[in-house]
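Next come the chains, spelled out residue by residue.
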Amino acid sequence: MRISVDPAACDGFGYCAELVPELMALDEWGFPVVSQHEVPGELLDAARQAARACPRRALLLAGPVQEELKAR
Amino acid sequence: MPSIDLWYTTRASGLVALVLLSGTVVLGILTAGRARSALPGFARAEVHRRLSVLTVVFLAVHVLTAEIDTYVKVGWLAVVAPFTSSYHRTWLALGTIGADLLLAVAISSALRQHVPARAWRALHWLAYLSWPVAVSHALGMGTDSKLTWALGLLAVCTAGVVVAAGWRVAGAHRAKAALPRTVIRARRSIRSRAAGATPGIGGRP
Amino acid sequence: MNTALTTRRASRLIAPDALHGPPTLEAHLRRYGPLSLGGGPGAQGRDRLLAEIERSGLTGRGGAGFPTARKLASARAADRPALIVNAMEGEPASAKDRLLVGTTPHLVLDGADVVATVLGAQRTVLCVADSAPEMARSLVRAQQERTGRGRAGDAEVRTLSGRYVAGEESALASAVAGGPGVPRFRPDKSVALSVGRHAAVVHNAETLAHVALIARYGADWFREVGAAEAPGTCLVTISGGVECPGVVEVATGAPVSEIIGLARLSSPPQAVLVGGYGGTWLAGEDLGVPFAPGELSRLGASMGAGVLVVLPGGTCGIQETALVARFMAGQSAGQCGPCLFGLPAIADDLAAIADGTAAPEVLDRLLVRCGAVAGRGACRHPDGVVRLVRSALEVFSADVASHVHGYPCRGRAAPSGLMAQSGLMGSFRDGWGR
């Protein structure tokens, strides 16, 4: 599963970097930088929680299941 | 059935709901305003959400006990329709309005994934309105508002909300001053041309 | 300087006599001949037109240089899409679309007709910037001569806010749909743009003018001149330290040094900004490079919107770049944090270096910020600024070193207003400054 940020939707709340610091960091202006796009198995739940926690729904998770859901 | 216990429960749960609502509003302001705190941002947002659930629970107890208690006739319609009760008509109406607003906020937030972002944000702003409405209802209904400790409690809640709101407004001005001038001009010119655009940074309730 | 140039001005889109006299339909037909949306009626005819465009190898002239036939082919899959003609000319250093629409609007409208036919478009929208009302007037006048002849006569002319990013494809589609006119995040470019319920496709005005000629004279004719990878001619706006700034039409693949020579140089140029404000600086010794995609990309540059800004000797390239960077920072749509905050920070750092007030750490910080900002926006605006700044730091590295150590550089103390001049290109109407 790949993690990415919708930069237009993102407002720099930073919850994603709090919840999955292994995958994301914040730049000097408080906006997320994805340090690792591929989500390892043990972080899948944390990544999903981070996507749900984002107030702007700017954290995107794309994997086989997600793509299938989007295609519907 | 008339019961003094129900009557006390109504009054107590009402006060508790108001205190919880005040706490919810303060946390909401701090979250949206990105206040720095020891608690991480996502955790504070979560506490805000759970407090709001508790608020709704106590509000439900407050409304239900008031209905079941036949000591005063409130009428089931008055739960959602204001100005339909003969008991303390106006002050009760305020309570109804406050409850309606909170219900709209609660339902839209529970279904947040399915509600369009702009609609959710507009509804969430109603939460700001529900607070003074609820305080007026509490003061106007009168039963406990003559008691010093109750008034003291309300004063503390009011102080909290006013300070938080003041901080937020002042912070917004400070944040604008910190943005580079080129940026402010750019955003102003975009906003003036775009009606109903999704707000960027600084456009949250 | 009197080297014999092998590059001559081409005259497919812009003939010298077209610069005088009103652009009537009659004059247009006299010059180019009739346009038959030929090949036969119905789907066969449309297929033949598309095949001809594909054979021609035409690439977009709006900046991205994407193969036009491929764009059309994927848009055809949609049901009755909308055709959006981009005549916004958001690039301040470009005046080509203004010249084209002013002197041969019928060619642009012909091209719109051809593409609308190929796509089965339900609607055509011609977009111009509010800063250029004469372009709207020219199009409307030309349309009035064409009512009843082809769809472009019924096309809608929309005047939109002319901010820099407003000309970006998804921003334009958003504006046409009545939205905020800012770029949309499109991680998957193959997903079509849309206006309302219909798919939409955006084409630059100059690209459509070439389409109109291909439909008349064929792909073989089109390929007779120009580079193999991006054949035909292109409109180039030359400005800066030249005696005759303006728009020229040249075959693609002509050396940059010869193209700028057409605008008459009084002295050898120090450097040339290629592509636009989000483009790349080329050093004086690299100017022999052919103006074609593959060759330019080896130097980290691209044709962009057909822009060449000449930096004369004795002018500080860092100063000029700092001005452009500040302008571009102000043009951010304000949607994405890295662009909204990063570009002003980059502009400030570069300005400090240009003023000579920056310590060496500022240079390091600038490079780090460039790396942090690129690729993190919804559109390519921050990437363009980063490319501009990085190329400036490289090409003017000697000046950078002087500035950072507190020494004056070879340029003047104050900016020459070069960029301000190129920014005034928008007010150009005819081909040569007279």
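Remember, it's a predicted structure, so these values are computed and weren't measured experimentally.

### Things to note about the nonpolar core
Working step 1: Membership of the largest hydrophobic core comes to 160 residues, with the highest contact counts inside it found for I84, V85, I259, V272, L308 and A325 of chain C.
Working step 2: Residues in contact with V272 of chain C, not counting those within four places in the same chain, are V256, I260, L282, L287, L308, V309, V310 and L311 of chain C.

### As for the domain arrangement of chain C
All names here are of chain C.
Working step 1: Per the domain assignment, the segments of chain C are domain 1 (18-222), domain 2 (233-312) and domain 3 (317-415).
Working step 2: The distance between the C-alpha centroids of domain 1 and domain 2 comes to 25 Å.
Working step 3: Per-element accounting of the side of domain 1 that touches domain 2 gives the leading share, 3 residues, to helix α4 (residues 96-103).
Working step 4: Split into classes, the residues belonging to the side of domain 1 that touches domain 2 amount to 5 nonpolar, 4 polar and 4 charged.

### Thoughts on unusual backbone geometry
The phi torsion of most residues other than glycine is negative, and most of the peptide bonds are trans.
Working step 1: For R57 of chain A, which is not glycine, the phi torsion reads 50° and is therefore positive.
Working step 2: Inspection of the secondary structure assignment puts R57 of chain A in the loop between α2 (44-53) and β4 (59-62).
Working step 3: A count of 14 C-beta atoms within 10 Å places R57 of chain A in the partly exposed class.
Working step 4: Despite not being glycine, R80 of chain C shows a phi value in the positive range, around 45°.
Working step 5: For R80 of chain C, the position within the fold is in the loop between α3 (68-76) and β1 (82-87).
Working step 6: According to the C-beta neighbour criterion, R80 of chain C is exposed, with 12 such atoms within 10 Å.

### Considerations on the pairing of strand β5 (residues 198-204) of chain C
Residue and element names in this part refer to chain C.
Working step 1: Of all 7 residues in β5, 6 are buried, a share of seventy percent or more.
Working step 2: Alignment of β1 against β5, held across 5 bridges, turns out to be parallel. Opposite L83, over in β5, you have V201 as the bridge partner.
Working step 3: Note: strand β4 (residues 193-195) against β5, 3 bridges, orientation antiparallel. The residue of β5 that forms the bridge with S194 is A199.

### Section: the packing of helix α13 (residues 337-355) of chain C against helix α15 (residues 381-395) of chain C
The packing of two helices is summarised by the inter-axis angle and the distance between the axes.
Residues and elements named next belong to chain C.
Working step 1: As a packed pair, α13 and α15 sit with axes 10 Å apart at the nearest point and diverge in direction by 15°. By the angle between their directions, the pair α13 and α15 is classed as roughly parallel. As α13 runs across α15, the sense of the crossing is left-handed. Taking contact as the criterion, the partners of P338, C339, G342, L343, I346 and L350 in α13 are, on α15, H381, P382, V385 and V389.
Working step 2: Per-class residue counts for the contact of α13 with α15 are 8 nonpolar, 2 polar and no charged.

### Points about the sheet that holds strand β8 (residues 269-274) of chain C
Note: strands within a sheet are paired through backbone hydrogen bonds, in either parallel or antiparallel orientation.
Residue and element names in this part refer to chain C.
Working step 1: One open sheet accounts for 5 strands, arranged β7-β6-β10-β8-β9; its pairing is mixed. Strand pairing shows two members of the sheet lacking a second neighbour, β7 (246-251) and β9 (280-283), which therefore form its edges. Here the average twist between neighbouring strands, direction ignored, is 30°.
Working step 2: Looking at chain direction, strand β6 (residues 233-240) and strand β10 (residues 307-312) are connected through 4 bridges and run parallel. Bridging from a neighbouring strand, S239 pairs with V309 of β10.
Working step 3: Relative to the sheet, α15 contacts β8 and β9, its axis offset from that of β9 by approximately 20°.

### Looking at the environment of Y87 of chain B
All names here are of chain B.
Working step 1: On the secondary structure map, Y87 appears in the loop between α2 (41-68) and α3 (89-110).
Working step 2: Classification of Y87 as partly exposed rests on a count of 13 C-beta atoms within 10 Å.
Working step 3: In contact with Y87, not counting residues within four places along its chain, are V72, K73, V74 and L92.

Definitions and cut-offs
- Residues numbered from 1 in each chain as written.
- Chains lettered and ligands numbered in written order.
- Predicted model: local features only at pLDDT ≥ 70, side-chain atom pairs only at ≥ 80, totals over all residues.
- Core = buried A, V, L, I, M, F, W, Y, C linked by C-beta atoms within 7 Å.
- Buried ≥ 20, exposed ≤ 12 C-beta atoms within 10 Å, placed from the backbone.
- Contact = placed C-beta atoms within 7 Å.
- Domains from an automatic or database assignment.
- Helix = DSSP H or I, 4+ residues; strand = E, 2+ residues; numbered from the N terminus.
- Nonpolar A, V, L, I, M, F, W, Y, C, P; charged D, E, K, R; others polar.
- Pairing = 2+ DSSP bridges.
- Axes fitted to C-alpha atoms, helices over the stretch in contact; angles between N-to-C directions.
- Parallel < 35°, antiparallel > 145°, perpendicular 65-115°, else oblique.
- Left-handed = near helix turned anticlockwise from the far one by under 90°.

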